[in-house]
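# A closer look at the structure
These are the residues of each chain, in order.
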Amino acid sequence: MSIDEAMVSARGVGVRIGAAALLSDVDIDVAPGEWLTVIGPNGAGKSTLLRVLAGLLPAAGEVRIGGTPVTALRRRDRARQIALVAQDPVVPAGMSVFDYALLGRTPYIPPLGVESAADLAAVRDVLARLDLTALTDRELSTLSGGERQRVFLARALAQGARLLLLDEPTSALDIGHQQDVLELVDELRTSGPADEPLTVVATMHDLSVAGEYADRILLLADGRRVALGTPDEVLTEELLATHYRARVRVVAGDHGPLVVPVRRR
Ligand code: ADP
Ligand code: MG
């Protein structure tokens, strides 16, 4: 894939803070419509990489989104193209679920203007798809962690961006809502317009789930790319033992390899 064909391309991406190298020399290309999941142990640099791809954190090297350097995108254009669900978003005090999701429409609302009927309808639609209609008027601070996580995703989906960056989007969700959310994202990805498909880059700790939804998996360790390939290529007992210091068994599942932890003694 050439840089021009990729939805996301990163070349030699590095982030240093003081003496610490958070990312070193990371190269990736993500095709339009592809789902790439980033895995790696705690502190590997997964959240840092997503923030760099979102244009929120300056980095060495180059990141292009749809062929344009992310640093050259104006704030509004960037928000129309890229939606990031951070691992731990800041929640404005006293805000309702509806108003928070409506923030996703900000890049479409003219400066000093008000939201249109289409903006309101888009938010209602997303809330319904995430099983949040009953919570529309609730204050965010009164929600459970899993409910709040779905509201964060609602805001990102309401944004209508063609690149969705999800940092551990399912970590607080029960297994049913986890499937709801991932199936919805996958449905949006595969049902979108062929000329502007939704591209997904997500981080995830559940390796079996990672393999079920991703086209390819990037394994980061100590800020470096140590493997990039299909779930079968990356989710191997050897790579997971080396980089997670984990003893696992990898078994064949219906939708890719399943990773089962095995007691060490
Ligand atoms: P991950 O999401 O893979 O768990 P992060 O990208 O959040 O990892 O962090 C990568 C590493 O960078 C961690 O070791 C973290 O402690 C470190 N780190 C993050 N922010 C800073 C900072 N402002 N200064 C120094 N180190 C940082
Ligand atoms: Mg993280």
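See the structure shown above.
What comes next is a walk through the structure. (Residues numbered from 1 in each chain as written. Chains lettered and ligands numbered in written order. Predicted model: local features only at pLDDT ≥ 70, side-chain atom pairs only at ≥ 80, totals over all residues. Heavy atoms only, no water.)

## Some thoughts on the layout of surface pockets
- Estimates place the volume of the largest pocket at around 740 Å³.
- If you go around the largest pocket, you meet 23 residues; those closest to its centre are Leu56, Arg75, Leu84, Arg155 and Gln159.
- Elements that contribute at least two residues to the lining of the largest pocket include exactly helix H2 (75-81), strand S6 (82-85) and helix H5 (145-158).
- Estimates place the volume of the second largest pocket at around 390 Å³.
- Forming the boundary of the second largest pocket are 20 residues, of which Leu157, Gly160, Ala161, Leu188 and Leu198 lie nearest the centre.
- Of all the secondary-structure elements, those providing two or more residues to the lining of the second largest pocket are helix H4 (117-129), H5 and helix H6 (175-191).
- Among the residues making up the lining of the second largest pocket, the classes are represented as 13 nonpolar, 2 polar and 5 charged. (1 Å grid on protein atoms, 1.4 Å probe; cavity = no way out; pocket = protein on both sides within 12 Å on 5 of 7 lines; lining within 4 Å. Points joined across faces, edges and corners; volume = space filled by probe spheres on them. Helix = DSSP H or I, 4+ residues; strand = E, 2+ residues; numbered from the N terminus. Nonpolar A, V, L, I, M, F, W, Y, C, P; charged D, E, K, R; others polar.)

## Observations regarding the pattern of salt bridges
- Taken as a whole and judged by the stated rule, the model has 7 salt bridges.
- In this structure, Arg129 and Glu187 form a salt bridge, with 2.8 Å as the shortest nitrogen-oxygen distance. Remark: Glu187 occurs in helix H6 and Arg129 occurs in helix H4; sequence separation between them is 58 residues.
- Salt bridges sharing partners connect three or more residues here, namely Asp186, Arg189 and Asp215. (Salt bridge = Lys/Arg side-chain N within 4 Å of Asp/Glu carboxyl O.)

## Structural notes on the site of ligand 1
- As a structural note, the neighbourhood of ligand 1 is formed by Ile17, Leu22, Pro41, Asn42, Gly43, Ala44, Gly45, Lys46, Ser47 and Thr48.
- One of the backbone N or O atoms of Gly45 is found 3.0 Å from an oxygen atom in ligand 1.
- At a separation of 2.8 Å, an oxygen atom of ligand 1 approaches a polar side-chain atom of Lys46.
- Protein coverage of the free-state accessible area of ligand 1, which is 570 Å², stands at 55%.
- Among the elements that take part in the shell around ligand 1, helix H1 (residues 46-53) stands out by supplying 3 residues, more than any other.
- Its residues assigned to classes, the shell around ligand 1 comprises 4 nonpolar, 5 polar and 1 charged. (Near = heavy atom within 4 Å. Polar contact = N/O pair within 3.5 Å; in protein donor to acceptor, adjacent residues only side chain to side chain. Areas by Shrake-Rupley, 256 points an atom, 1.4 Å probe, with all protein chains shown as cover.)

## Section: the sheet that holds strand S2 (residues 20-30)
- What the 4 strands build is an open sheet, ordered S2-S1-S4-S5; its pairing is antiparallel. With partners counted over all chains shown, the strands left at the sheet margins are S2 and strand S5 (68-69), one partner each.
- Looking at chain direction, strand S1 (residues 8-17) and S2 are connected through 7 bridges and run antiparallel. Counted as the bridge partner of Val8 is Val30 from S2.
- Running at roughly 60° to S2, H1 makes contact with S1, S2 and strand S4 (60-65) of the sheet. (Pairing = 2+ DSSP bridges. Contact = heavy atoms within 4.5 Å. Axes fitted to C-alpha atoms, helices over the stretch in contact; angles between N-to-C directions.)

## Regarding H4
- Taking 1.5 Å of rise per residue, the 13 residues of H4 would be expected to cover 18 Å, and the 18 Å separating its terminal C-alpha atoms lies within 8% of that figure.
- Considered for burial, the residues of H4 that qualify are Asp119, Val123, Val126 and Leu127. In a view along the axis of H4, the buried residues occupy a sector of 100°, so they form one face of it. Opposite the buried face of H4, by more than 90 degrees, sit the exposed residues Ala117, Ala118 and Arg124.
- Of the surrounding secondary structure, the elements contacted by the buried residues of H4 are helix H3 (97-102) and H5.
- Taken from the residues just after H4, Asp131 is the one with a positive phi, measuring 65°. (Expected span 1.5 Å × (residues − 1). Buried < 20%, exposed > 50% of the residue type's maximum accessible area, 1.4 Å probe, protein only. Arc of directions from axis to C-beta.)

Limitation: the analysis is restricted to geometry and does not speak to function.
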